[in-house]
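# Structure assessment
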Amino acid sequence: MGDLSSVLPAGLLDVISALIPPVVVATVFCAFVIKLLRREMAPRRMDGSLVSGDATVGAPDAEPAGSSVAAAKDEKPIVGGGDQAESDGR
């Protein structure tokens, strides 16, 4: 039972041996693409910094009062047409 050639048909072992390298390459490629997409789709602030679970690191409140981010948070949100967002009335 230690030899696969006695268990598998003659041509199947050759097919499996030929398919192993492309499967390994495809798996590594997919893992790289998924890692890249997760990093690119991570939530970001308006200044481009990543949003983390720690509120003290890079918090907008820690920036100088004259910065554009501090000024932008005091503005009203842009709402089309009325006092509610488009998705609220549906």
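Description of the structure in this document. (Residues numbered from 1 in each chain as written. Predicted model: local features only at pLDDT ≥ 70, side-chain atom pairs only at ≥ 80, totals over all residues. Heavy atoms only, no water.)

### Brief notes about the overall build of the protein
For clarity, the cut-off: Helix and strand definitions here come from DSSP, where helices need a minimum of 4 consecutive H or I residues and strands a minimum of 2 consecutive E residues; each element is numbered from the N-terminal end. Categorising residues by exposure relies on relative accessible area from a 1.4 Å probe, with only protein chains included: less than 20% of the type maximum marks a residue as buried, more than 50% marks it as exposed, and the intermediate range marks it as partly exposed. Each accessible area is a Shrake-Rupley result for a 1.4 Å probe, and residues are judged covered by the shown protein chains and nothing else.
From N to C terminus, the protein includes two helices and zero strands. Within the protein, buried positions represent 4% of all 90 residues. Carbon together with sulfur atoms contributes 65% to the accessible area of the protein, which is approximately 7,900 Å² in total.

### Points about a nonpolar patch on the surface
What counts, and what does not: Put simply, a patch holds well-exposed residues, over 30% relative accessible area, that have no salt bridge, with like charges counted together within 9 Å and Val, Leu, Ile, Met, Phe, Trp or Tyr side chains within 5 Å. Salt-bridge detection follows one rule: a side-chain nitrogen of Lys or Arg within 4 Å of a carboxyl oxygen of Asp or Glu.
Side chains of Leu-12, Val-15, Ile-16, Leu-19, Ile-20, Val-23, Val-24 and Val-28 sit close together on the surface and give an oily, nonpolar patch of about 680 Å² of accessible area. Topologically, Leu-19 is positioned in helix H1 (residues 10-40). Residue classification places Leu-19 among the partly exposed positions, given a relative accessible area of 49%.

### Regarding H1
Quick reminder of the rule: Take the residue count of a helix, subtract one, and multiply by 1.5 Å to get its expected span. Throughout, bend refers to the angle between the axes fitted to the seven residues that end at a position and the seven residues that start at it.
With 31 residues, H1 extends 47 Å between its outermost C-alpha atoms, agreeing within 8% with the 45 Å of an ideal straight helix rising 1.5 Å per residue. A bend of about 30° at Ile-20 is the largest found in H1, and the proline Pro-21 appears one to four places after it.

### Looking at the environment of Arg-45
Applicable threshold: In protein, a polar contact means a hydrogen-donor-capable atom and an acceptor-capable atom, both N or O and within 3.5 Å, with residues adjacent in sequence counting only if both atoms are side-chain atoms; elsewhere, any N or O pair within 3.5 Å suffices.
Mapping Arg-45 onto the fold places it in the loop between H1 and helix H2 (68-72). Since its relative accessible area comes to 21%, Arg-45 is described here as partly exposed. A polar side-chain atom of Arg-45 sits 3.2 Å from the main-chain carbonyl oxygen of Leu-50.

As far as function goes, none of this settles anything; it's purely spatial.
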